[in-house]
Amino acid sequence: MGFPKDFVWGAATSSYQIEGTAGKDEKGMHIWDIYTKESGRVFGGHTGDIACDHYHRFREDIAIMKELGLRAYRFSIDWSLVLPEGTGKVNERGLAFYEDLIDGLLEAGIEPYITLYHWELPYELYKKGGWMNADIARWFGEYAGIISDRFSDRVTHYFTLNEPQCFIGLGYLTGEHAPGLKAPVRDTFLMAHNVLRAHGCAVQMLRQNAKQPVQVGYAPTGAMNYPATEKAEDIEAARRSFFSIPDEHNWTWNVSWWSDPVLLGTYPEEGIRKYEKYLPHITEEDMKLISEPIDIYGQNIYNGNCICMGPDGTPMEVKRRDGFPRTANNWPIAPECIYWGPRFLQERYHKPIYITENGISCRDVISMDGKVHDPARIDFTARYLSQIKRAIADGVDIRGYFMWSLMDNFEWNRGYSERFGLIYVDYETQERIWKDSAYWYRKVIAENGKG
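Conventions we followed
- Residues numbered from 1 in each chain as written.
- Predicted model: local features only at pLDDT ≥ 70, side-chain atom pairs only at ≥ 80, totals over all residues.
- Heavy atoms only, no water.
- Helix = DSSP H or I, 4+ residues; strand = E, 2+ residues; numbered from the N terminus.
- Rg over C-alpha atoms; globule rule 2.2 N^0.38 Å.
- Buried < 20%, exposed > 50% of the residue type's maximum accessible area, 1.4 Å probe, protein only.
- Core = buried A, V, L, I, M, F, W, Y, C linked by side-chain atoms within 4.5 Å.
- Pairing = 2+ DSSP bridges.
- Axes fitted to C-alpha atoms, helices over the stretch in contact; angles between N-to-C directions.
- Contact = heavy atoms within 4.5 Å.

## Comments concerning the overall build of the protein
Helix and strand counts for the protein come out as 16 helices and 13 strands. On C-alpha atoms alone, the protein measures out to a radius of gyration of 21 Å, which is about the 22 Å that the 2.2 N^0.38 rule sets for 451 residues. Taking the principal axes of its C-alpha atoms as reference, the protein extends roughly 60 × 55 × 45 Å. Here the protein holds 451 residues, and 60% of them are scored as buried.

## Quick look at the nonpolar core
By size, the foremost hydrophobic cluster in this structure holds 136 residues, and its most contacted members are Trp79, Ile114, Trp131, Ile147, Phe151 and Ile388. With 10 residues, helix 9 (residues 185–208) is the largest single contributor of residues to this core. One finds Ala12, Tyr113, Phe159 and Trp404 within the second-largest nonpolar core, a separate group that totals 12 residues.

## Focus on the sheet that holds strand 11 (residues 398–404)
Within the open sheet, the eight strands sit side by side as 5-4-3-2-1-11-10-7. Their pairing is parallel. With partners counted over all chains shown, the strands left at the sheet margins are strand 5 (215–219) and strand 7 (297–300), one partner each. Pairs of neighbouring strands in the sheet enclose a mean axial angle of 25 degrees, with direction left out of account. Looking at chain direction, strand 7 and strand 10 (residues 353–358) are connected through four bridges and run parallel. Note that in strand 10 the partner of glutamine 299 across the bridge is isoleucine 355. Helix 5 (residues 92–107) contacts strand 2 (72–76) and strand 3 (111–117) of the sheet and is inclined by roughly 170 degrees relative to strand 2. The sheet contacts of helix 16 (residues 436–446) involve strand 1 (8–12) and strand 11, and relative to strand 1 the element is tilted by about 155 degrees.

Structure follows, in structure tokens:
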């Protein structure tokens, strides 16, 4: 059994990482515009001010997508480009850019998948407390309603939030990402609750303003733990650890705290017990809002931990062997995670799944022949796709795969030191060069993942 004939083959990007809109066309500031200007925050002092200049080169990029044979393109909208102050006055020039992008994609036969929030919190809202302010749920809903009203006649697939584990955990707990804070743990729980309330408001407003039926989803991340063997006890150990709740020092990095409320309507009991002293007041009304029904579930998957059942009957992480394969940014290569993660997610949440991100950072260079040879990316992707195929064959409802990323881009606090793209970007000339993996992925799509 191969991939279903209607399987969605795509690639993904995010606005700040590629657009290069800083200071252009009445765009407002967002927290990454501010953060990247602070000395020592980002590798090499890099910023996303120009990035891949997609704002001016999007037609060229659409042509590349069409030649690749992409069936779908997942991109994010910059909240501060549409609403410079986060609420209130709409920037028509910002909306016009996305209008042209969407129309260009549709003309090329590529279905747009919109992500509403990929970390660009408008700075004017940050100054009002940002995720600490309960009103942000209403602000985000207003923004979602504008996007739905403008684009839902042509765009039917939406994801509300990308990786809240990261933008709260790295932005406010460890301080590695914008806005670079190490907030009190109690504050991060309030922020997380408001993030989920904002998601609920966005779901409501996307539907309320839709011009036709829309598919609404959510795109979290997390470690996709997998069993050391196919023994029942190891599978159970991996499942339990997958949904377990970590200690407070790294509490945001988990699956269930962020997904149980959305899909099951309640925070996990283990978390309520463990985090009780940090939790804000949570009402039934909050939980009803957070659990507004969604249609699809996105999951960004890169790696996971190998788990076995310990001798005492509790899950235990298996130490990686010496020389375990790793990517250029030192992430472990563990294809099994993209089989077991979706399998466990579907068992618990019973929603169709999209792999909204998966990819690898490689030390790509332009070789002496003028080409970019990246066999490691081809090998990585082939291994992960084989596990997705296996999951589908075993009954897991995986509807699509979005490779991260369409092109090399600004990789947050790592600046331009990491290359995840199918397309190589020369940041001085903005030349786009197809890597070997792009030609390979084109063939995968054309053959619907055969082989």
